[in-house]
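Residues per chain, in single letters:
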Amino acid sequence: VQVTRSCLKMSSLLGMNAPLNNARGLQRPARSCRPTSRKLVVSARQGNTSTPQVSATFPASFDQAIRQAQEAVKSAVADGHKLLEVEFPSSSLTAVSGDGEGQTEMNMSMGYLRQFSSAFRDGTTRIYFPDNRELAVARTGQTMDPSAGRVAMEAKFVDGDPFRYGYLTKQNAAWAMLGVNIQKWSPADLTKPDDTLYLVAYPSFNPREELAAVYELYERRARDAGTPIVIFNGELDRVRGGYYPGLFFPGIAKLSAEFIPKFTAAYYIHNFKGTRPGALFRCYPGPWQVLRRNPVDPEDMRLIWEGETMPTLRQVSLEILPSNL
């Protein structure tokens, strides 16, 4: 049985927390962004831009996207931002989250995380994985198990790498099958006073627990110490956009109102499909950009909107992309 991301999302809404508690273990399961030769036509500049900004070019490859994200985060940290978001699709730069099978997307995000973290190899960066089982996979790899839909994967973070590690939640497999986490765990318990950066890996499969753990890390350690937190592929749009109804998920609603708005998008790609495909893109310190994609040639992208403030996904989908800009 393979656990797809859509199944995991539906399980969350129905309160079936076992796959979410451990999506891999239970069922295994701009001065910093330089333009390139990518085909891009500037059609119009809209929005609320009031000062000149350097616009980055939409990446032509994942390698370029990782380099842009690294420099964007460095620039944002240097400018004093403490809560940062890096978000891009893991299966393809034209894809949306959920296009790939859940475990496959997770594995790919781990690989990109490994590339991204290479820019922060000073020995004081602490990488937090969603849970202790995911950390074990990152450090030791995993074997193939076709019955569980699990593919073989080599370790991405090995002994000798200049990183510190942690996990957001601590799972017990037997109790997690029932959706119960009997071991109260705080990621702040793993910190050291000289940690200089907390890099949080894809806390999206069980945001009720994982984002709450990030908030606890912020409240107990990062805020007072001034240590930046970077959420890597956390799918925060699902929290922002009301995917989790506040009536049934009051904890997530509280985080959506009080914590998530504090984050600065250092690097962000969200694709839109349909008859008017396109992308919402931002590479700090540049402006937000909406690009229309040629349905026949995905490499052909036209910049149709720029602004200092992030538009909602609904605005992009229903107003900006369908416009005559």
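Note that the structure is a prediction, hence the values are computed from the model and not measured. (Residues numbered from 1 in each chain as written. Predicted model: local features only at pLDDT ≥ 70, side-chain atom pairs only at ≥ 80, totals over all residues. Heavy atoms only, no water.)

S.K.: Looking at this structure, how should I read unusual backbone geometry?
M.R.: Glycine aside, residues mostly have negative phi, and peptide bonds are mostly found in the trans state. With omega at 5°, the peptide bond leading from Y284 into P285 counts as cis. Inspection of the secondary structure assignment puts P285 in the loop between β8 (278-283) and β9 (288-293). The phi dihedral of N233 falls on the positive side, at around 50°, and the residue is not glycine. Position of N233 among the secondary structure elements: in the loop between β6 (229-232) and α8 (236-240). Classification of N233 by relative accessible area gives buried; the value is 5%. The phi angle at E235 is positive, at roughly 50°, despite the residue not being glycine. If you trace the backbone, E235 turns up in the loop between β6 and α8. (Helix = DSSP H or I, 4+ residues; strand = E, 2+ residues; numbered from the N terminus. Buried < 20%, exposed > 50% of the residue type's maximum accessible area, 1.4 Å probe, protein only.)

S.K.: Can you help me understand the pairing of strand β2 (residues 83-87) in this one?
M.R.: Walk down a regular strand and you will see the side chains alternate between the two sheet faces. Counting buried positions along β2 gives five out of five residues, so the element sits mostly inside the fold. The alternating pattern of β2 places L83, E85 and E87 and L84 and V86 on opposite faces, both of which are buried. Where β2 meets β6, four bridges bridge the pair, whose relative direction is parallel. The residue bridging V86 from the neighbouring strand is F232, located in β6. Note that β2 and strand β7 (residues 264-272) share four bridges and pair parallel. Counted as the bridge partner of V86 is Y267 from β7. (Pairing = 2+ DSSP bridges.)

S.K.: Sorry if this is basic, but what is going on with the side chain of S109 here?
M.R.: With respect to the secondary-structure elements, S109 resides in helix α4 (residues 102-117). With residues near it in sequence (within four places) discarded, S109 still touches S90, Y202, F232 and N233. (Contact = heavy atoms within 4.5 Å.)

S.K.: What should I look at first to understand the pattern of salt bridges in this one?
M.R.: Once the charged atoms of two side chains with opposite charge are near each other, the side chains can pair. Applying the stated rule across the entire model yields 15 salt bridges. In this structure, D189 and R220 form a salt bridge, with 3.4 Å as the shortest nitrogen-oxygen distance. Pair noted here: D189 is in the loop between α6 (173-176) and β5 (197-201) and R220 is in helix α7 (residues 207-225), with a separation of 31 residues, a long-range link. On the basis of relative accessible area, D189 is assigned to the partly exposed category, the value being 46%. Among the salt bridges present, the one from R220 reaches E216, with a minimum N-O distance of 3.7 Å. Taken together, the positions of R220 and E216, both in helix α7 and four residues apart, correspond to about one turn of that helix. Salt bridges here are not isolated pairs; linked through shared partners, they connect R126, R164, D194 and D195. (Salt bridge = Lys/Arg side-chain N within 4 Å of Asp/Glu carboxyl O.)

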